[in-house]
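# Tertiary structure, described
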Amino acid sequence: MISTACKYNQPSCALSRYGYDEYVYHWISAVAGEDPYGNSVDADYNSDGYVSMYEAFIYAEYHDACSETPQYNSNKFTLGENLSLLGKELCITTDYIVDKIITTSQTIKDCEIVISRVTINNNANVIFEAENETYVLDDFEVSIGSILEIK
């Protein structure tokens, strides 16, 4: 996950009223819950008790008065939404189940599950339980008598 004050070809600016870089001032204030002068800042837009990196970006971008273009990107779409500097537990691992034949009953749990070229047979009862998403990419087969459940 990355968040920057400006595009690669723009200078980042500071306004004299803050004595700090404008964007960085608001971003740090958002994750800290207060500005350097002790004034309360509420950037917890989803009210979960944490300010995620994405929420800090939204707050800083909105409050940035400089003529710069703040940038944000997350290499995993939900990473910035689930990442906090103040101890939020993350669920960012992915279990890849590829080129497998599953013949025994089991529950597979992870943050995300990616399934590709999987066959379930031998009357197996298989549960895929992902906290975020389960992706079935291709060539997935459940033989007669077997059970598949995706939670």
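Everything that follows concerns the structure shown earlier in this document.
Calculation rules
Residues numbered from 1 in each chain as written. Predicted model: local features only at pLDDT ≥ 70, side-chain atom pairs only at ≥ 80, totals over all residues. Heavy atoms only, no water. Buried < 20%, exposed > 50% of the residue type's maximum accessible area, 1.4 Å probe, protein only. Helix = DSSP H or I, 4+ residues; strand = E, 2+ residues; numbered from the N terminus. Contact = heavy atoms within 4.5 Å. Polar contact = N/O pair within 3.5 Å; in protein donor to acceptor, adjacent residues only side chain to side chain. Disulfide = S-S within 2.5 Å. Core = buried A, V, L, I, M, F, W, Y, C linked by side-chain atoms within 4.5 Å. Pairing = 2+ DSSP bridges. Phe/Tyr/Trp six-rings, centres within 6.5 Å; stacked < 30°, edge-to-face > 60°.

## Some points on helix H1 (residues 22-32)
Counting buried residues in H1 gives 8 out of 11 residues, a clear majority hidden from the surface. Along its buried surface, H1 packs onto strand S1 (2-4), strand S2 (14-15), strand S3 (20-21) and helix H2 (53-63). Measuring from the side-chain oxygen of the N-cap residue of H1 to the backbone nitrogen of Tyr23 gives 3.2 Å; that N-cap residue is Asp21. Looking at the residues trailing H1, positive phi occurs at Gly33, about 85 degrees.

## A word on the state of the cysteines
For the structure shown, the criterion picks out 1 disulfide. Here Cys13 engages in a disulfide with Cys66; their sulfurs sit 2.0 Å apart. Highlighted residues: Cys13 in the loop between S1 and S2 and Cys66 in the loop between H2 and strand S4 (71-73), separated in sequence by 53 residues. Cys6 carries a free sulfur, and the closest cysteine sulfur to it, the one in Cys13, is 8.5 Å from it.

## Remarks on the nonpolar core
If you look at the biggest cluster of nonpolar residues, it comprises 13 residues, and the most contacted ones within it are Tyr23, Trp27, Ala30, Val31, Val51 and Ala56. Breaking this core down by element, the ones donating at least two residues are H1 and H2. At 5 residues, the largest contribution of residues to this core is made by H2. Among all residues touching Val51, those that are not within four sequence positions of it are Ala30, Val31, Ala43, Asp44, Ala56, Leu83 and Ser84. The next biggest cluster of nonpolar side chains, apart from the first, holds 11 residues, and it includes Ile102, Ile108, Ala124 and Ala130.

## Some details on the environment of Val51
Considering the arrangement of structural elements, one finds Val51 in the loop between H1 and H2. Classification of Val51 by relative accessible area gives buried; the value is 11%. As for Val51 and Ala30, which are separated by 21 residues in sequence, their C-alpha atoms are 7.1 Å apart.

## Description of the pairing of strand S7 (residues 125-142)
Each regular strand carries side chains that alternate between the two faces of the sheet. One ladder, built from 13 bridges, connects strand S6 (residues 106-120) with S7; its direction is parallel. Opposite Thr107, over in S7, you have Ile127 as the bridge partner.

## Points about the packing of aromatic side chains
Applying the stated criterion to the full structure yields 5 aromatic pairs. Linked through ring pairs, Tyr23, Tyr54, Phe57 and Tyr72 together constitute an aromatic cluster.

## Focus: unusual backbone geometry
For Asp99, which is not glycine, the phi torsion reads 55 degrees and is therefore positive. Take Asp99: it is sitting in strand S5 (residues 94-102). A positive phi angle, near 45 degrees, is found at Asp139, a position not held by glycine. What makes Asp139 exposed here is its relative accessible area of 57%.

## Structural notes on the environment of Ile147
Take Ile147: it is sitting in strand S8 (residues 147-150). When its relative accessible area of 46% is taken as the criterion, Ile147 is described as partly exposed. Sequence separation of Ile147 and Asp35 is 112 residues, and the distance between their C-alpha atoms is 54 Å. The residues contacting Ile147, other than those within four sequence positions of it, are Ala124, Asn125, Val126 and Val142.

Any functional reading would require information beyond the geometric quantities listed.
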